[in-house]
Amino acid sequence: MAEALWGEAALFPGLRVGHFTDREARTGCTVVLVEEGAVAAADVRGAAPGTRETDLLLPENTVERVQAVLLTRGSAFGLGAADGVMDYLRERGKGFPTPAGVVPIVPAAVLYDLGRGEVFRPPGREAGYRAALAASGAVAEGSVGAGTGAVAGGVKGGFGLAGYRLEEGYRVAALAAVNSLGRPFDPATGRLYAEPFLAEAERALLPDLSRYRGFPEDYRFPLLLGQNTTLGVVATDAPLTKAEAKRLAIMAQDGLARALRPAHTPLDGDLVFALALGEGRGVGPMALLRLGAYAADALARAIARAVLLAEGMPGVPAYREVVG
């Protein structure tokens, strides 16, 4: 059996995470730093994505490695925060080598949070720089960074982290910023859809449902075109090729669908990045199968943790407040 990991224990050498949180604007961003480079890929399943530098992650394209991935809020306005992450990396000489110096490669994706704060202040260059500067192995979860103003199916969304250590020695970590149209819990019972995937110790986070009175799911939602997205990052220390990293991202999307219902809708921009910190020689199909299976489980757990640890905000209660 693989060992379940959560919080900062889910990270591993070479992988750091930093948040920028703006409470007044209820916005922020989260940077996943891999300064020495990681083989990267992405899989987009939602119909309303907002992205930057994702085409270069296709297996047939030239650039193999990235130095960071940015998850940001502020809809398309927030993509500018990637410039600050690039500034941070350029100052440290990290990036793709060119005759005029390094060019940091920072793919990014956005969530919608406009109108949820007291002021209009989407994350920009300074926010991205400060998130990169704050990156470490001590990772806050809940209503922070890209999860600050997130909403998940009518309850407060957030940011979560979970992972596994496989018997083969490889590790896989999943990070999620949850801002979904779909609910993270069954309205009939109040139970999180991802509850079966939680480790025994994580179950202490679950609320008491004895007073919950449910209602049937009918898949009727307000028309929130472009206002919903769940973003994930799955990272491993296994030496995946670019094509294998793409398969890891594809398999990890199943974790999103296990934790949120419905997922990958016409009104979401769901996307999963994959990062492999090894040298890129490849691991073969059987090891990749196991990594992908655990990546999906880890992403489901990360989504559950994001919702469980999120704090309510005006007009949007926390999950615990709704079901407890």
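Refer to the structure printed above.
What counts, and at which threshold
- Residues numbered from 1 in each chain as written.
- Predicted model: local features only at pLDDT ≥ 70, side-chain atom pairs only at ≥ 80, totals over all residues.
- Heavy atoms only, no water.
- Phe/Tyr/Trp six-rings, centres within 6.5 Å; stacked < 30°, edge-to-face > 60°.
- Lys NZ or Arg CZ within 6 Å of the ring centre and 35° of its normal.
- Axes fitted to C-alpha atoms, helices over the stretch in contact; angles between N-to-C directions.
- Helix = DSSP H or I, 4+ residues; strand = E, 2+ residues; numbered from the N terminus.
- Left-handed = near helix turned anticlockwise from the far one by under 90°.
- Contact = heavy atoms within 4.5 Å.
- Nonpolar A, V, L, I, M, F, W, Y, C, P; charged D, E, K, R; others polar.
- Buried < 20%, exposed > 50% of the residue type's maximum accessible area, 1.4 Å probe, protein only.
- Lys, Arg positive; Asp, Glu negative; His and termini not counted.
- Salt bridge = Lys/Arg side-chain N within 4 Å of Asp/Glu carboxyl O.
- Polar contact = N/O pair within 3.5 Å; in protein donor to acceptor, adjacent residues only side chain to side chain.
- Expected span 1.5 Å × (residues − 1).
- Core = buried A, V, L, I, M, F, W, Y, C linked by side-chain atoms within 4.5 Å.
- Pairing = 2+ DSSP bridges.

Turning our attention to the packing of aromatic side chains. Each aromatic ring pair is described using two quantities: the centre-to-centre distance and the angle formed by the ring planes. Applying the stated criterion across every chain yields a total of four aromatic pairs. Directly above the aromatic system of Tyr88 lies the positively charged group of Arg92, at a separation of 3.7 Å from the ring centroid. Over the ring of Tyr164 we find Arg301; its NZ or CZ atom is 4.9 Å from the centre of that ring.

At a closest axis distance of 7 Å, the pairing of helix H3 (residues 242-259) and helix H4 (residues 285-309) adopts a crossing angle of 40°. Regarding H3 and H4, the two cross each other, and that crossing is right-handed. Mapping the contact onto sequence places Glu244, Arg247, Leu248, Met251, Ala252, Asp254, Gly255, Leu256, Arg258 and Ala259 in H3 and Leu288, Leu289, Leu291, Gly292, Ala293, Ala295, Ala296, Asp297, Leu299, Ala300 and Ile303 in H4. For the contact of H3 with H4, the residue count by class is 14 nonpolar, two polar and five charged.

Turning our attention to the environment of Leu192. Secondary-structure assignment places Leu192 in the loop between strand E10 (171-179) and strand E11 (229-236). Judged by its relative accessible area of 4%, Leu192 is buried. Each C-alpha atom of the pair Leu192 and Gly78 lies 30 Å from the other, and the pair is 114 residues apart in sequence. The residues contacting Leu192, other than those within four sequence positions of it, are Pro184, Phe185, Leu206, Ala304, Val307, Leu308 and Tyr319.

Here Lys156 is to be found in strand E8 (residues 155-156). One buried charged residue, Lys156, remains without a salt bridge, the closest side chain of opposite sign being Glu311 at 8.1 Å. At 2.9 Å, the side chain of Lys156 forms a polar contact with the backbone oxygen of Thr148.

For H3, spanning 18 residues, the distance from its first C-alpha to its last is 27 Å, which sits close to the expected 26 Å at 1.5 Å a residue. Those residues of H3 not exposed but buried are Lys242, Glu244, Ala245, Lys246, Leu248, Ala249, Ile250, Ala252, Gln253, Gly255, Leu256 and Ala259. Elements in contact with the buried residues of H3: strand E3 (27-44), E11, strand E12 (271-276) and H4.

In this section: the nonpolar core. Counting residues in each nonpolar core, the largest one holds 49 residues, and the members touching the most others are Leu192, Val234, Leu240, Leu291, Leu299, Ile303 and Tyr319. Considering every element that reaches this core, the biggest residue donor is H4, with 14 residues. Not counting residues up to four positions away in its chain, the partners in contact with Val234 are Ala173, Ala174, Leu248, Ala252, Val272, Phe273, Ala274, Leu275 and Ala295.

Here the focus is the pairing of E10. Within E10, nine of the nine residues are buried, which leaves the element mostly enclosed by the surrounding structure. With burial as the criterion, each face of E10 is covered, one bearing Arg171, Ala173, Leu175, Ala177 and Asn179 and the other bearing Val172, Ala174, Ala176 and Val178. Here strand E9 (residues 159-165) runs beside E10; their pairing, made up of seven bridges, is antiparallel. Across the sheet, residue Ala162 finds its bridge partner in E10, namely Ala174.

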